[in-house]
There are 2 protein chains.
Amino acid sequence: MAYDSVETSAGRRDDALGGSATFFSVACSNFAPVSLVGVVGEDFRDGDVELFRSHDVDVSGLERVEGQTFRWSGVYGPEDVNTRTTLDTQLNVFADFAPRLSDTQRVSPCLFLANIAPSLQLDVLKQMRERPKLVALDTMNFWIEGNGAELKEVVRQVDIVFMDENEARSFTESVNLMQAARAIHSMGPSTVVVKRGEHGAILFHDGQPFLTPAVPLEHVIDPTGAGDTFAGGFLGYLAATEDLSEAGFRRAAVTGSVMASFVVEGFSLERLAEATSEEIESRFRQLATLTRFEPLAEDESLPRRNR
Amino acid sequence: MAYDSVETSAGRRDDALGGSATFFSVACSNFAPVSLVGVVGEDFRDGDVELFRSHDVDVSGLERVEGQTFRWSGVYGPEDVNTRTTLDTQLNVFADFAPRLSDTQRVSPCLFLANIAPSLQLDVLKQMRERPKLVALDTMNFWIEGNGAELKEVVRQVDIVFMDENEARSFTESVNLMQAARAIHSMGPSTVVVKRGEHGAILFHDGQPFLTPAVPLEHVIDPTGAGDTFAGGFLGYLAATEDLSEAGFRRAAVTGSVMASFVVEGFSLERLAEATSEEIESRFRQLATLTRFEPLAEDESLPRRNR
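Residues numbered from 1 in each chain as written. Chains lettered and ligands numbered in written order. Predicted model: local features only at pLDDT ≥ 70, side-chain atom pairs only at ≥ 80, totals over all residues. Heavy atoms only, no water.

## What to know about the overall build of chain A
When you go through chain A residue by residue, the secondary structure sums to 10 helices and 12 strands. Expected size for 307 residues packed as a compact globule is a radius of gyration near 19 Å; at 19 Å, chain A falls within 12% of this value. Each principal axis of the C-alpha distribution contributes one length, and for chain A these read about 80 × 45 × 35 Å. Looking at the 307 residues of chain A, the share that counts as buried comes to 56%. Looking at chain A as shown, the accessible area adds up to about 12,700 Å², and 48% of this sits on carbon and sulfur atoms. One way to put it: in chain A the 28 positive side-chain charges average out to a point 6 Å from where the 47 negative ones average out. (Helix = DSSP H or I, 4+ residues; strand = E, 2+ residues; numbered from the N terminus. Rg over C-alpha atoms; globule rule 2.2 N^0.38 Å. Buried < 20%, exposed > 50% of the residue type's maximum accessible area, 1.4 Å probe, protein only. Areas by Shrake-Rupley, 256 points an atom, 1.4 Å probe, with all protein chains shown as cover. Lys, Arg positive; Asp, Glu negative; His and termini not counted. Charge placed at Lys NZ, Arg CZ, Asp CG, Glu CD.)

## Looking at the sheet that holds strand β11 (residues 201-205) of chain B
Residue and element names in this part refer to chain B. Spatially, the six strands line up as an open sheet ordered β7-β8-β9-β10-β11-β12, and their pairing is mixed. Of all the strands in the sheet, the pair left with one neighbour each is β7 (110-113) and β12 (208-212). Across the sheet, the mean angle separating the axes of adjacent strands is 15 degrees when strand polarity is ignored. Here β11 runs beside β12; their pairing, made up of five bridges, is antiparallel. Of the residues in β12, the one forming a bridge with H205 is Q208. Along the sheet face, helix α6 (residues 165-172) touches β9 (160-164) and β10 (191-195) and points at about 110 degrees away from the line of β9. Together, β7, β8 (134-138), β9, β10 and β11 form the strand contacts of helix α8 (residues 226-241), whose direction differs from that of β9 by roughly 155 degrees. (Pairing = 2+ DSSP bridges. Axes fitted to C-alpha atoms, helices over the stretch in contact; angles between N-to-C directions. Contact = heavy atoms within 4.5 Å.)

## Focus on the sheet that holds strand β6 (residues 84-90) of chain A
Residue and element names in this part refer to chain A. Reading across the sheet, the four strands line up as β2-β1-β5-β6 and stay open at both edges, with mixed pairing between neighbours. Where the open sheet ends on each side, the last strands, each with one partner, are β2 (11-18) and β6. Each strand of the sheet is rotated relative to its neighbour by a mean of 15 degrees, with strand direction disregarded.

## A word on the packing of aromatic side chains
All chains considered together, the criterion is met by 24 aromatic pairs over all chains. Seen from their ring centres, F293(A) and F210(B) are 6.1 Å apart, and the 75 degrees between their planes marks the pair as edge-to-face. Of this pair, F293(A) sits in the segment after α10 (277-291) while F210(B) sits in strand β12, on two different chains. Residue F210(B) is classed as buried on the basis of its relative accessible area of 0%. Each ring, one from F230(B) and one from F234(B), has its centre 6.2 Å from the other, and the planes form 25 degrees; the classification is stacked. Placement of both F230(B) and F234(B) in helix α8 is noted, with a separation of four residues, approximately one turn of the helix. Note on F230(B): relative accessible area 5%, which makes it buried. (Phe/Tyr/Trp six-rings, centres within 6.5 Å; stacked < 30°, edge-to-face > 60°.)

## A short note on the interface of chain B and chain A
Facing 63 residues of chain B, the contacting portion of chain A comprises 63 residues. Between chain B and chain A the total buried area reaches about 5,700 Å² when both faces are included, carbon and sulfur atoms providing 51% of it. Linking chain B with chain A are eight salt bridges. Measuring nitrogen to oxygen at the nearest pair gives 3.4 Å for the salt bridge that ties E278(B) to R304(A). Where chain B packs against chain A, one counts 42 residue pairs in polar contact (both at pLDDT 80 or more). Elements supplying a minimum of two residues to the side of chain B that touches chain A: α6, α7 (177-186), β12, α8, α9 (246-263) and α10 (277-291) of chain B. Broken down by class, the residue content of the side of chain B that touches chain A amounts to 28 nonpolar, 15 polar and 20 charged. (Buried area = accessible area lost by both parts, 1.4 Å probe. Salt bridge = Lys/Arg side-chain N within 4 Å of Asp/Glu carboxyl O. Polar contact = N/O pair within 3.5 Å; in protein donor to acceptor, adjacent residues only side chain to side chain. Nonpolar A, V, L, I, M, F, W, Y, C, P; charged D, E, K, R; others polar.)

## Comments concerning the confidence of the model for chain A
In this model, chain A carries an average pLDDT of 95, and 99% of its residues clear a pLDDT of 70 or more. ipTM for the predicted complex: 0.92, alongside a pTM of 0.94. (pLDDT = per-residue confidence, 0-100.)

## Looking at the relation of the copies chain B and chain A
When chain B is fitted onto chain A, the two copies agree to an RMSD of 0.0 Å after a turn of 180 degrees and an axial shift of 0.0 Å. What we have between these two chains is a two-fold relation. Among all residues of chain B, the one whose C-alpha sits closest to the rotation axis is H199(B), at a distance of 3.2 Å. Mapped onto chain A, 100% of the interface residues of chain B again fall at the interface, so both copies present the same surface. (Least-squares fit on C-alpha atoms with pLDDT ≥ 70 in both.)

## Notes on unusual backbone geometry
It is generally the case that most residues other than glycine have a negative phi and that most peptide bonds are trans. Residue and element names in this part refer to chain A. For D15, which is not glycine, the phi dihedral falls at a positive 50 degrees. By the element assignment, D15 lies in strand β2. On the basis of relative accessible area, D15 is assigned to the partly exposed category, the value being 28%.

## Comments concerning the side chain of R283(B)
Mapped onto the secondary structure, R283(B) falls in helix α10. We classify R283(B) as buried; its relative accessible area is 12%.

## Points about the pairing of β10(B)
Successive residues of a regular strand alternate their side chains across the two faces of the sheet. Residue and element names in this part refer to chain B. Burial runs high along β10: five of the five residues are buried. Note: β9 against β10, five bridges, orientation parallel. Within β10, the position partnered with V161 by the bridge is V192. As paired strands, β10 and β11 are joined by five bridges and run antiparallel to one another. Counted as the bridge partner of T191 is H205 from β11. The hairpin turn running from β10 into β11, its antiparallel successor, is five residues long, and G197 in that turn takes a positive phi close to 60 degrees.

## Thoughts on the packing of helix α8 (residues 226-241) of chain A against helix α9 (residues 246-263) of chain A
The geometry of a pair of packed helices is captured by two quantities: the angle between their axes and the separation between those axes. All names here are of chain A. Two elements in contact, α8 and α9, have axes separated by 7 Å at closest approach and are oriented at 140 degrees. Viewed along their axes, α8 and α9 adopt a mutual orientation that is oblique. Pair α8 / α9 crosses with right-handed handedness. Together, A226, T229, F230, G233, F234, Y237 and L238 of α8 and G248, F249, R251, A252, A253, T255, G256, S257, M259, A260 and V263 of α9 make up the contact between the two elements. (Parallel < 35°, antiparallel > 145°, perpendicular 65-115°, else oblique. Left-handed = near helix turned anticlockwise from the far one by under 90°.)

## Topic: the environment of E66(B)
All names here are of chain B. Mapping E66 onto the fold places it in the loop between β4 (57-64) and β5 (71-76). Considered as a pair, E66 and E42 are 24 residues apart in the sequence and their alpha carbons are 5.8 Å apart. Each residue touching E66, except ones within four places of it in the same chain, is listed here: E42 and V93.

## Section: the side chain of S268(A)
All names here are of chain A. Following the sequence through the fold, S268 ends up in the loop between α9 and α10. A distance of 2.6 Å separates the side chain of S268 from the backbone oxygen of L17, its partner in a polar contact. S268 has contacts with A16, L17, F23, D222 and V263, leaving out every residue within four places of it along the chain.

## Some thoughts on helix α7 (residues 177-186) of chain A
Residue and element names in this part refer to chain A. Every buried residue belonging to α7 is among L177, M178, A180, A181 and I184, and all of these are buried. Burial along α7 is one-sided: seen end-on, the buried residues are contained in an arc of 160 degrees. For α7, the N-terminal capping position is held by N176, with its side-chain oxygen 2.9 Å away from the main-chain nitrogen of M178. After α7 finishes, the residue G188 shows a positive phi value of roughly 145 degrees. (Arc of directions from axis to C-beta.)

The following block contains the structure:
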């Protein structure tokens, strides 16, 4: 849970609602019930709590403690909207945060361990009364570099790993993405999602790769939260359909991509929070159209020149 | 027509066969007859002429003149195989080259204007007895920056423009790729292909975008020639099938992507020249599998949470 101050070529926002749990929950809420666990300070605005409520996100696990909410500030671009520079990070109430799950949360069928210290991710997993059907985790370079051994321990215990391409490369010390994904897969997770920003993502499910497209956008405002929003759509689709087949995972990845396309069209959650079911489905259909080509029939050949 | 000296993390080659016309012709020759126009020096090796002949590329338009063949040398990576630094360029016999088409070539139904000065591209187009059914061009930043006005003049007269993402951005002064492609489309060409290296390409055909995937590769040896090889597969498919429908252009783009996947797996033409029809078709099928997901049926919805 964060207040972000962000500058991009499209403008800037100060102390706008952000944080992994925020983007994930609101994206996921379009498909399945979500219950979040997180911490905020005394400065957390009622209007922001209201935004979760209006999306039927269960905020009973939102701890409000003395002090200030976590703050991050950064600048994107200007040349490349995907290049970001962190200007400041203030841990504030997040510094001493130890997530505590309620009895209801301990029996959730689906658990997302958002980007946080691997030791805390492991602790949350241990609090579950029984192993959820699906456990997913996200992380960042900070933990890969500083807490690599602990992170490997958590990775071994989850089903789905989300990393961006740089994280996957650095975690596995493999420059090649296919090799990196295979290395993570061999550690235990049945599913690895390598996020590539505007280039979409690669889903590896049981060793089968799927190239997930990104919705081509003419106006990208702010990429903050795209990865967590992707994860929210992905797990929301799986939680709602309980379709854990290869086809289900592929659709989950496309749903993640669709949700991410909304969040980057505005600062903070300005666009994501407004996305309607009709708009979501329309972009899902658009991605099908954008990627469809006629495969070769079984007995068909490409033109072959006689030589 | 060039001799390239290339260093990548996989090794190096000195004075290896290269050049736009080379990569294009050999890729295209898998699908349709090709007749090339180009210039080489006295140092051009018989074995290299033989390579064209073994692919049934018509080399009657290959001029051999006094002096040395064009030379380029560069280094890729090491961090990112897509980042390249030019170490040296020697124009040699290319400096005074003025392409002359034979009578047979002047009635070709399909013309590819490879990366060369825009004024020469225009001159070649003027030599055609009648307007070919398809005229395509490739270019590079050097011409965009130095001969922008002439380049625009040629672009207006062609059907298909190939540019990589940086070229498209700089040519149109638009950071966003969708806007850049639309801008080029509005200048005249019915088809714009924006190449994105390992991320594939975006095909814009009559204003309809298609996200062309790239074959995910575990071992990229040398990206030199990938763009021209893509163009060779693309136009080879169209020339052979004469299918100028949206579906035909999409398959052409996938064929281009398939051919590019071979050339980067070796230095120079080491891998491309060995690609068999069976291998080409197998990768075409692989790309269909890698990108396929179940679209929503007309009356189907994504899961919607009641709220």
